[in-house]
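A look at the structure
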Amino acid sequence: MLTLAGCQKAAAPAEPQAEDVGAARFVVAVHQAVTASDVQRVDLTVDGPGQPELTVQLAPDNSVWTGLLSQLPAGAGRRFRAFAYDSNARLIYRGEALDVTITANQTVQVNILLQQVDPSPEFENAGPIITSLVVSRSSVEVGGFVDVRATAYDPNSGDVLTYAWTATAGTFGTPAALASRWTAPMTEGVRTLTLTVADQLGASTAVSFPILVEGTGVGEAEVFVRFNSWPQVVSLTGFPTQVVPGQSIGVSAQGQDNDDVAANLHYAWTASCAGTWTDEGTANARFTPSELPAQGTCDNCQLTVRVTDGRGGEGLGHLGVCVGAPVSANVAPSITSAFQTARTVGPGSTVRFNVRAMDPEGTALGFAWETTAGTLGTSAPISEGSEVTWTAPACVDAQATPVVHARVTDAEGLEAVQTFSLTWTGPACATALGFLTQPSDVLATNVITPAVRVVLLDSLGRTSLAPSGPVRLALGANPGAGTLSGTVEAAPSAGIATFADLSIDASGVGYTLVASVAGLPSLASQAFTIQPLAVRGASVDRFVTTGNAQLSRNTDLGATVVQALVEQGNGTFTTFNGAGAADGTFSIQGVPSGAYYLRLGKDYVVTNSRAPDLGRDGQGRPDAAPASASTTLSVDLQGLAPWQAGDDLEVFSAGTGLWAQGVPEYALTGAALGAGSQRWTQTLEYAGMRNASPVEAASGDTVTFHQLSLKSEATSGAPVAYTAATRAFSAPLAVAQGGTASFTGTLAVLAQDQVLNVDLRTQDFEALRTQVHPSAQPVDHALFVAAFPDGTRGSYASAPDLLTYFPVTGAANRAFSFSYGNPFPGFTQAGLAETSFTVPLLAPGATTALTVRPSVGQADALPSFHASALAPRLGPARSPTLAGQDAFGNVTGVGLTPRLAWTAPSVGTATHYRVRVYEVFVNAQGRTAQAAGGPVAQLYTAATSLRFPPGVLAAGKQYYAILEAASSGNADFQGHPFRSAWPEAHAMLVTGIFAP
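Residues numbered from 1 in each chain as written. Predicted model: local features only at pLDDT ≥ 70, side-chain atom pairs only at ≥ 80, totals over all residues. Heavy atoms only, no water.

The helix and strand inventory of the protein chain stands at two helices and 84 strands. Radius of gyration (C-alpha) of the protein chain: 63 Å, far over the 30 Å computed for a compact globule of 996 residues. Counting only C-alpha atoms, the protein chain reaches 195 × 85 × 60 Å along its principal axes. Each of the 996 residues in the protein chain was classed as buried or not, and the buried ones make up 46%. Pairs at least 24 residues apart make up 67% of the contacts formed inside the protein chain by residues separated by at least 6 positions. (Helix = DSSP H or I, 4+ residues; strand = E, 2+ residues; numbered from the N terminus. Rg over C-alpha atoms; globule rule 2.2 N^0.38 Å. Buried < 20%, exposed > 50% of the residue type's maximum accessible area, 1.4 Å probe, protein only. Contact = heavy atoms within 4.5 Å.)

Structure representation (structure tokens):
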């Protein structure tokens, strides 16, 4: 607002005037809310009778605009108008003074109050509205709690609401949130809870409700919901803004006069709906609506305040309020009773359930039944409730409990739930399958044994005893395009389905079976092999040569008898003839699964392998040809230790496996070694040595001669003699077929730094005498340390000796400490201990017995060989019978295919047995003689009995057998019966003479 003022001029000497004129002085001041920067220009216009319209522009002077108008014609009825403009030349204030009289020779003072051209915008706001209020309980025990939840909104979009829960007693967990929990005080009585909702402009509304706090028991809850408009809080507020007819609203307005903060403003209140006012002419008034407005929605009554300043200016404010019927708070239904006829249930059980409930608001309730297992019948209404019958299932998940829920819902959707728990005594449902017995490898068309078994498992991995549909098996992986035969569908018994007659007609590696049952995921078995009906094997010998090079040789089986003989239950055999090939392989068609006697020539191996390898291990090049009889070796060796009676010389070559002990015995020419000799010159019969193939220097072959000198040991008793390696000479050598090769050199001294400390229990070996044969007598003992080029194959070949000791029989057990040298530092040293026995066998009609020399012994790599007392590691088999008769005696009438049976050894554990059968006869001198050509058959088995196959024994002839128990580090007797590994042990038993 601008004020334009004029002042009376001070008296001055009169000056001559052309006519009667007066003057006016103007001052324009800026007050309060209007600044000089708001008003950029003030124009003043004067007109009236006798006064032409005249406009001047006042000049600003600091905070005022000033100007002096003179020479105004004197007279009455003058009108002065002032106009104020902003920087955009927009008229913002104007005012006028009417009927101003200009007195001649006087300066009149004119006051003009400028008013706003555009009035201030009207104030508009609507108060917030509480749309619902839910109270969990209308009464509560002392110290208990009540959950409250409300919803509210503001008709003015963008307004931010705040919430405040208060109570006459007790506390709220979250007093500033729409949902909160009120904890009752520890004293009884009615408490009032209030929710106040306000917007950021100060408009607010509230709703209050009572809660009964009592000692114990249960109660009801009432929810009051009132719809309300919110007050405007910047310059107009009201409370409450949500009322019912007859309920008053307190309103407060604050007006502000920008020209004069202390101005006395006038207030006038009006309402758009019917009602009465109290103090409606003041800033703080009360309005009481008398009836519901025609508009049914909230914000249906506008309260308007008119603020005037008494000088022509006014401002309006509006507050929308809600006049409507009260809304009650809604409380969830309350379940008043629950009943069930049983708590413990099993398959097929029926249980009747019912619930009764009430709604605090009295609305109709809905009832719904649910269950986690089993089936529910059709529910039936009962007084204030519902009833249903539940039928138990056949099974329940192992990790679940049957539960029945009753859900009670009121008209507003609030609900209460009653849960009935049940104790299950029935079986757990199957959730998965498992193979209790996996399918195993088997021959094509043969029944898979043991029987395949599929188990139904519950969710805890236990066998499920719940009723189930049949389990079905089908081929999964089918590498041989085979067909699954037998009973492929089986009903489970005690949770397990058994398939006892399955077979597949085509061979293949990697078959699988897939088990399935309705309602469960299928499951594949582990892979298995269907073997061909044919036995396909080989006889491949492995050899070690110079530098431990590994070579192999296939045995030519082209002319060898190849058969599979399957023993029948009646003591007969079914024979399947096969064929061998020059490459060492063989095949036999149609052999059923299980054990059979594999025959290759004179060897019979009881095995169940479908691909056996009957190869052996050896030393030397397999392709080396034997030396001819005319091949000789001339030696000239010096540097021997002075020769003693009992000394020995050995020769060895790893390239061909050449080996001989007592080499001087092979002399053809030259002087024999005498006592004290240190040079040896002789020509030797090369072809007479073992593995006497010509050595080849060009192939890297070397030959080693080493001397075993007689030494004495007396650590624990009287001196005993033994021999030990003391001197040696090695050199390359080439031997030509039919020629004489020369070998010349000087033996080097070997350090005696190898020690064998051994506790030799010769008496323990001799104690096995009667198990060897009742007539057996110990004849000698032997202890050796030998050097083997390959230490992984056991005693696979003849090896050079480093130490020899031959205890006398009958001597006491004794500890020894032997020392010796080692000319083969890269080889593996092994110890060998053996006791030999003599067994006399007298054939019927003979006058002189045949002497058989069985043995008991063992071998192992050092130091394991002598790590403990050197006692027998394996004893002979015991109690042998032949065709049911004592096999130690001479027996007749055993038949052509008798069974030889025995008991396992009492000492150690045999891994397999070898039975060698020899033919005997009575010669012309009445002596019991052994037929030439070695054993008529050799039979091998891992069992404790076998039956002689057809063709081993012949009618009219006599035989004896050596039954040898054996143990070996070779774990695959079935697949490789002739391979070995340390530790090794053997113990022989000799039968009496028998005849078919």
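The subject of this paragraph is the layout of surface pockets. The calculated volume of the largest pocket comes to roughly 1400 Å³. Residue lining of the largest pocket: 47 residues in total, with Ser 795, Leu 832, Glu 964, Glu 984 and His 986 positioned closest to the centre. Taken together, the elements giving at least two residues each to the lining of the largest pocket come down to strand E62 (658-661), strand E70 (777-788), strand E71 (801-805), strand E73 (828-841), strand E75 (855-861), strand E79 (912-922), strand E83 (958-967) and strand E84 (984-990). In terms of residue count, the dominant contributor to the lining of the largest pocket is E70 (five residues). Along the lines of polarity and charge, the residues of the lining of the largest pocket split into 19 nonpolar, 15 polar and 13 charged. (1 Å grid on protein atoms, 1.4 Å probe; cavity = no way out; pocket = protein on both sides within 12 Å on 5 of 7 lines; lining within 4 Å. Points joined across faces, edges and corners; volume = space filled by probe spheres on them. Nonpolar A, V, L, I, M, F, W, Y, C, P; charged D, E, K, R; others polar.)

Glancing now at the state of the cysteines. Here, disulfide denotes a covalent bond that connects the sulfur atoms of two cysteines. If you walk through the whole model with that rule in mind, you get two disulfides. Sulfur-sulfur distance for the disulfide between Cys 273 and Cys 301 comes to 2.0 Å. On the sign convention where negative is left-handed, the bridge of Cys 273 and Cys 301, at about -70° about the S-S bond, is left-handed. Of this pair, Cys 273 sits in the loop between strand E24 (266-271) and strand E25 (275-278) while Cys 301 sits in strand E27 (residues 301-308); the two residues are 28 residues apart in sequence, bridging distant segments of the chain. (Disulfide = S-S within 2.5 Å.)

Moving on to empty space enclosed by the protein. By the definition in use, this model includes one cavity of 30 Å³ or more. In this structure, the largest cavity spans a volume of roughly 60 Å³. Elements that contribute at least two residues to the lining of the largest cavity include exactly helix H1 (762-766), E70 and E73. A per-class count over the lining of the largest cavity returns six nonpolar, three polar and one charged.

Let us look at the sheet that holds strand E67 (residues 740-746). Spatial ordering of the open sheet is given by E63-E64-E60-E67, a layout of four strands whose pairing is mixed. A strand with exactly one partner marks an edge of an open sheet, and here the two such strands are strand E63 (667-669) and E67. Averaged over neighbouring strand pairs, the angle between their axes works out to 35° when direction is ignored. Alignment of E63 against strand E64 (residues 679-685), held across two bridges, turns out to be antiparallel. Paired with Ala 667 across the bridge in E64 is Leu 684. (Pairing = 2+ DSSP bridges. Axes fitted to C-alpha atoms, helices over the stretch in contact; angles between N-to-C directions.)

The next thing to look at is the environment of Leu 436. Tracing the sequence through the fold places Leu 436 in strand E39 (residues 432-437). Take Leu 436: its relative accessible area is 42%, and that puts it in the partly exposed class. For Leu 436 and Arg 453, which are 17 residues apart along the polypeptide, the C-alpha to C-alpha distance reads 5.3 Å. For Leu 436, the residues in contact, after removing those within four places along its chain, are Arg 453, Val 454, Val 455 and Ile 496.

Let's shift gears to the packing of aromatic side chains. Each aromatic ring pair is summarised here by two numbers: the centre-to-centre distance and the angle between the ring planes. Across all of its chains, the model carries 25 aromatic pairs by this definition. Here Tyr 940 and Phe 978 contribute two aromatic rings whose centre-to-centre distance is 4.8 Å and whose plane-to-plane angle is 65°, an arrangement assigned as edge-to-face. Here Phe 978 lies in the loop between E83 and E84 and Tyr 940 lies in strand E81 (residues 937-941), a separation of 38 residues in the sequence. Of the residues examined, Tyr 940 reaches a relative accessible area of 6% and is grouped as buried. Accessibility expressed as a relative area gives 13% for Phe 978, which makes it buried. Among the aromatic residues, ring-to-ring pairing joins Trp 680, Phe 705, Phe 729 and Phe 743 into one connected group. (Phe/Tyr/Trp six-rings, centres within 6.5 Å; stacked < 30°, edge-to-face > 60°.)

Leu 882, Val 915, Val 917, Leu 939, Phe 948 and Phe 994 are the most contacted members of the largest nonpolar core, which totals 31 residues. Taken together, the elements giving at least two residues each to this core come down to strand E58 (603-607), strand E78 (899-903), E79, E81, E83 and E84. Contact partners of Val 917, with chain neighbours within four places excluded, come to Pro 935, Val 936, Ala 937, Leu 939, Phe 948, Leu 953, Tyr 959, Tyr 960, Ala 961 and Phe 994. Core analysis: the next-biggest nonpolar cluster, separate from the first, contains 27 residues, Leu 633, Val 635, Leu 658 and Leu 733 among them. (Core = buried A, V, L, I, M, F, W, Y, C linked by side-chain atoms within 4.5 Å.)

Attention shifts here to the pattern of salt bridges. Considering all chains together, one arrives at 31 salt bridges under this definition. Measuring nitrogen to oxygen at the nearest pair gives 2.9 Å for the salt bridge that ties Asp 458 to Arg 462. According to the relative accessible area criterion, Arg 462 is partly exposed, its value standing at 43%. Within the structure, one salt-bridge network assembled from shared partners comprises Arg 542, Asp 613, Asp 617, Asp 790, Arg 793 and Arg 979. (Salt bridge = Lys/Arg side-chain N within 4 Å of Asp/Glu carboxyl O.)

This part covers the pairing of strand E21 (residues 236-239). The two faces of E21 differ: Leu 236 and Gly 238 on one face are buried, but Thr 237 and Phe 239 on the other face are not. Summarising the sheet, E21 and strand E23 (residues 249-253) pair through four bridges and their orientation is antiparallel. Bridge pairing links Phe 239 to Gly 250 in E23.

E58 sits mainly inside the fold: five of its five residues count as buried. Judged by which residues are buried, E58 turns out to be covered on both faces: Asp 603, Val 605 and Thr 607 on one side and Tyr 604 and Val 606 on the other are all buried. Two elements, strand E57 (residues 596-600) and E58, share five bridges in a ladder whose sense is antiparallel. Directly across from Tyr 596, in E58, lies its bridge partner Thr 607. Sheet topology places E58 next to E81; three bridges connect them, and they run parallel.

Right, let's get into the confidence of the model for the protein chain. For any part of a model where pLDDT is low, the fine detail of the predicted coordinates should not be relied upon. Across the protein chain, pLDDT averages 90, with 92% of residues at or above 70. Every residue in residues 1-19 scores below 50 in pLDDT, and together they form 53 contacts with partners more than four places removed in sequence or on other chains. Within the model, the stretch residues 217-234 combines pLDDT values under 50 with 128 contacts to residues more than four positions away or in other chains. (pLDDT = per-residue confidence, 0-100.)

Attention shifts here to unusual backbone geometry. Following Phe 239, the chain continues to Pro 240 via a peptide bond in cis, the omega torsion being -15°. Along the chain, Pro 240 falls in the loop between E21 and strand E22 (242-243). Looking along the chain, the bond that leaves Thr 449 and enters Pro 450 is cis, with omega of -5°. Inspection of the secondary structure assignment puts Pro 450 in the loop between strand E40 (442-443) and strand E41 (452-457). One non-glycine residue, Glu 384, lies in positive phi territory at about 60°. With respect to the helices and strands, the residue Glu 384 is situated in the loop between strand E34 (380-382) and strand E35 (385-391).

Moving on, we get to the sheet that holds E39. Strand order in the open sheet made by the three strands is E39-E41-E45, with antiparallel pairing throughout. Strands at the two margins of the open sheet, each flanked by one partner only, are E39 and strand E45 (496-499). On average, each strand axis in the sheet is tilted by 25° relative to the strand beside it, whichever way the strands run. Pairing between E41 and E45: four bridges, direction antiparallel. Residue pairing for E45: Val 452 is matched across the bridge by Phe 499.

Here Thr 445 shows up in the loop between E40 and E41. On a C-alpha basis, the gap between Thr 445 and Ser 485 in space is 8.6 Å, while along the polypeptide they are 40 residues apart. Those residues in contact with Thr 445 that lie beyond four places of it in its chain are Ser 503, Ile 504, Asp 505 and Leu 533.

Within the secondary structure, Ala 294 sits in the loop between strand E26 (284-289) and E27. Residue classification places Ala 294 among the exposed positions, given a relative accessible area of 88%. For the pair formed by Ala 294 and Cys 273, sequence separation is 21 residues and the distance between their alpha carbons is 8.8 Å.

This part covers the side chain of Asp 159. Within the element layout of this structure, Asp 159 appears in the loop between strand E15 (145-153) and strand E16 (161-167). Residue classification places Asp 159 among the buried positions, given a relative accessible area of 19%. Excluding residues within four positions of it along the chain, Asp 159 makes contact with Asn 125, Asp 154, Asp 199 and Gln 200.

The topology assignment puts Glu 650 in strand E61 (residues 648-653). Of the side chains with opposite charge, Arg 690 lies nearest to the buried Glu 650, which makes no salt bridge, at 10 Å. In this structure the side chain of Glu 650 is engaged in a polar contact, spanning 3.3 Å, whose partner is the side chain of Trp 659. There is a polar contact of 2.8 Å between the side chain of Glu 650 and the backbone nitrogen of Asp 801. (Lys, Arg positive; Asp, Glu negative; His and termini not counted. Polar contact = N/O pair within 3.5 Å; in protein donor to acceptor, adjacent residues only side chain to side chain.)

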